[in-house]
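# Working through the structure, step by step
The lines below spell out each chain.
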Amino acid sequence: MSLTKKLALAVAVFATPVLGAATASAEGERYVLVSHAPDSDSWWNTIKNGIALAGQQMGVQVEYRNPPTGDLADMARIIDQAAASAPNGIITTLADFDVLSGPIKAAVESGIDVIIMNSGTPDQAREVGALMYVGQPEYDAGHAAGLRAKGDGVASFLCVNHYISSPASTERCQGFADGLGVELGNQMIDSGQDPAEIKNRVLAYLNSNPDTDAVLTLGPTSADPTILALQENGMAGDIYFGTFDLGANIVEAIKAGTIKWGIDQQPFLQAYLPVVVMTNYHRYGVLPGNNINSGPGFVTAEGLEMIEKYAGEYR
């Protein structure tokens, strides 16, 4: 089957409300990916595309499950339910170690192989008994961004945290502050996830703190309304603006000069690689010797050709 046909079939899979088996497998392997993302977060569409394509190419069944509102207690229950269905493997985020480590350890103890992806750390993955970690070290990514911004003359900032209940989100903001060499303090705001509320809170903060040098957002959920806020108050293109992750609006803002850079953690790989790794492990007993860092990488206006083409889909 050509890659074009595979991609078309992958898209067709996601037209249904629940992602089910991508294709039948002679070996019968089935893998479940559990994320912490709410239904409203479009960034995770790239994750869904990654697991779908991996399922097609490897000839295995794949499923995507998540708590509709992003509630982590609900996610813990979903992990328990996934384990009870006896898949060959579970691929899961580790957004909060205290909440999620118990269900993950229980899955491992029941004989299910687990790979941690996207959030958590390699050390935490080892502690819960996972095979490996595939993702971006969030504090390190934030720190690298802070060092870059410091070199560009930034001394103060606003971090728009749209998922403050996730420790990984705070690590991004803290890493950025440490890279700048300043205290995080009240420079991080809990914006919530409602686009109108995010926009209003960004406008309010910048109105109360007019000397703010930079804005840092943590993904499309917070970046898209922030773009609108800066367009409304006339600061678009003037205030230093960096963001984590990519999306169609973020790419356009980078092209327009509103956003200086985006940090790409390559979410496609975070979903795609665990399916490939697990399938080969179960079929042939081979496993990479190390964890896999899918990011960070800085995306600027000079390197947008492929990213613009696949933003929100595979990039």
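Up top is the structure.
To start, this report covers the structure provided alongside it. Residues take numbers from 1 onward in each chain, read along the sequence in its written order. At least 70 in pLDDT is required for a residue's local features to be given in this predicted model, at least 80 for side-chain atom pairs to be given and counted, and no such filter applies to totals for whole chains, interfaces and linings, which use all residues. The side-chain numbers reported here are obtained from all heavy atoms of the structure, hydrogens and water having been left aside.

## Examining the overall build of the protein chain
- Secondary structure elements are defined from DSSP: runs of H or I of at least 4 residues count as helices, runs of E of at least 2 residues count as strands, and each element is numbered from the N terminus. Helices and strands together make up the secondary structure of the protein chain, namely 12 helices and 12 strands.
- With the radius of gyration taken over C-alpha atoms, the globule rule is written as 2.2 Å times the number of residues to the power 0.38. Against the globule reference of 20 Å for 315 residues, the protein chain gives a C-alpha radius of gyration of 20 Å, in line with a compact fold.
- Summarising its shape, the C-alpha atoms of the protein chain cover approximately 60 × 40 × 35 Å along the three principal directions.
- Exposure categories follow from relative accessible area, calculated using a 1.4 Å probe and restricted to protein chains: below 20% of the type maximum is buried, above 50% is exposed, and the middle band is partly exposed. The 315 residues of the protein chain split such that 53% are buried.
- Should any heavy atoms of two residues lie within 4.5 Å, those residues are considered in contact. The long-range share in the protein chain, meaning contacts at least 24 apart out of those at least 6 apart in sequence, stands at 74%.
- We get accessible surface area from the Shrake-Rupley algorithm with a probe of 1.4 Å; when it comes to residues, only the shown protein chains can shield them. Carbon and sulfur atoms provide 49% of the accessible area of the protein chain, an area that totals close to 12800 Å².
- We score Asp and Glu as negative and Lys and Arg as positive, and we do not count His or the chain ends. Taken as the charge centre is NZ of Lys, CZ of Arg, CG of Asp or CD of Glu, depending on the residue. Charged side chains in the protein chain number 18 positive and 35 negative. The centres of these two groups are separated by 7 Å.

## Some details on empty space enclosed by the protein
- Here a cavity is any set of points on a 1 Å grid over the protein atoms alone where a 1.4 Å probe fits but cannot get out, and a pocket is any open set with protein on both sides within 12 Å along at least 5 of 7 lines; a residue lines the site when it has an atom within 4 Å of a point. Grid points are joined across faces, edges and corners, and a volume is the space filled by probe spheres set on the points. Under the counting rule described, the total for this entry stands at 2 cavities of 30 Å³ or more.
- Taken as a whole, the largest cavity spans an internal volume of roughly 240 Å³.
- Looking at the largest cavity, it is lined by 22 residues, and the ones nearest its centre are H36, H162, S169, R172 and D245.
- Elements with a contribution of two residues or more to the lining of the largest cavity: α7 (167-180) and α9 (220-233).

## Comments concerning the sheet that holds strand β9 (residues 240-244)
- In spatial order, the strands read β7-β6-β8-β9-β10-β12; together these 6 strands make up an open sheet with mixed pairing. Two strands in the sheet have a free side with no partner beyond their single neighbour: β7 (188-190) and β12 (297-299). When the angles between neighbouring strand axes are averaged without regard to direction, this sheet yields 20 degrees.
- Across the sheet, helix α6 (residues 138-151) is in contact with β9, β10 (261-264) and β12; its angle to β9 comes to roughly 165 degrees. For two strands to be treated as a pair, DSSP must find no fewer than two bridges joining them. Whenever a helix is involved, its axis is fitted only over the stretch in contact; in every case the axis is a line through C-alpha atoms, and angles between N-to-C directions fall within 0 to 180 degrees.

## Some details on the packing of aromatic side chains
- In summary, the pairing rule links any two rings of Phe, Tyr or Trp, Trp by its six-membered ring, whose centres are within 6.5 Å, and it sorts them by plane angle into stacked for under 30 degrees, edge-to-face for over 60 and tilted for everything else. This model, assessed by the stated rule, comprises 7 aromatic pairs.
- Seen from their ring centres, F157 and F176 are 4.8 Å apart, and the 70 degrees between their planes marks the pair as edge-to-face. On the criterion of sequence distance, the pair formed by F157 in strand β6 (residues 157-161) and F176 in helix α7 is long-range, its members being 19 residues apart. The burial state of F157 is the same as that of F176; both residues are buried.
- When the centroid spacing of 5.4 Å and the interplanar angle of 90 degrees are considered together, the rings of W261 and F298 count as edge-to-face. With a gap of 37 residues between them, W261 in strand β10 and F298 in strand β12 connect regions that are remote in the sequence.
- For a lysine, the NZ atom is tested; for an arginine, the CZ atom; a charge sits over a ring if that atom is within 6 Å of the ring centre and within 35 degrees of the ring normal. Its guanidinium or amino end placed over the ring of F298, R148 lies 4.6 Å from that ring's centre, counting from NZ or CZ.

## Observations regarding the nonpolar core
- Residues belong to one nonpolar core when they are buried, are Ala, Val, Leu, Ile, Met, Phe, Trp, Tyr or Cys, and are joined through side-chain atoms within 4.5 Å. Counting residues in hydrophobic clusters, the biggest one holds 26 residues, and the most contacted among them are L33, I47 and V275.
- Every element with two or more residues in this core is listed here: β1 (30-34), α2 (45-58), β2 (61-65), β4 (113-118), β5 (132-135) and α11 (267-284).
- Looking at this core element by element, the count peaks at 7 residues for α11.
- Beyond its immediate chain neighbours, meaning those up to four positions away, V275 contacts Y31, I51, A54, G55, V60, V62 and I91.
- Counting residues in each nonpolar core, the second largest holds 25 residues, with A229, I239, L304 and I307 among its members.

## Some thoughts on the state of the cysteines
- Only a pair of cysteine sulfur atoms within 2.5 Å counts as a disulfide in this structure description. Across all of its chains, the model carries 1 disulfide by this definition.
- With its sulfur 2.0 Å from that of its partner, C159 forms a disulfide with C173. Because the torsion about its S-S bond is -55 degrees, the bridge between C159 and C173 counts as left-handed. Placement of C159 in strand β6 and of C173 in helix α7 is noted, with a sequence separation of 14 residues between them. Grouping residues by exposure puts C159 and C173 together as buried.

## Comments concerning the pattern of salt bridges
- Every case where a carboxyl oxygen of Asp or Glu lies within 4 Å of a side-chain nitrogen of Lys or Arg is listed as a salt bridge. Overall, the coordinates contain 11 salt bridges when judged by the stated rule.
- Between E63 and R65 there is a salt bridge, with the nearest N and O atoms lying 2.7 Å from each other.
- With relative accessibility at 23%, the residue R65 sits in the partly exposed group.
- Here the salt bridges do not stand alone but share partners, grouping R30, E63 and R65 into one network.

## Considerations on helix α10 (residues 248-256)
- What α10 keeps buried is the set I250, V251, A253 and I254. When α10 is viewed along its axis, its buried side chains cluster within an angular range of 160 degrees and face the same direction.
- Where α10 is buried, its residues meet α9, β9, β10, β12 and α12 (305-310).
- G257 lies just past α10 and shows a positive phi near 90 degrees. In this description, one arc is meant: the one made by directions from the helix axis to the C-beta atoms.

All we've got here are geometric facts, nothing functional implied.
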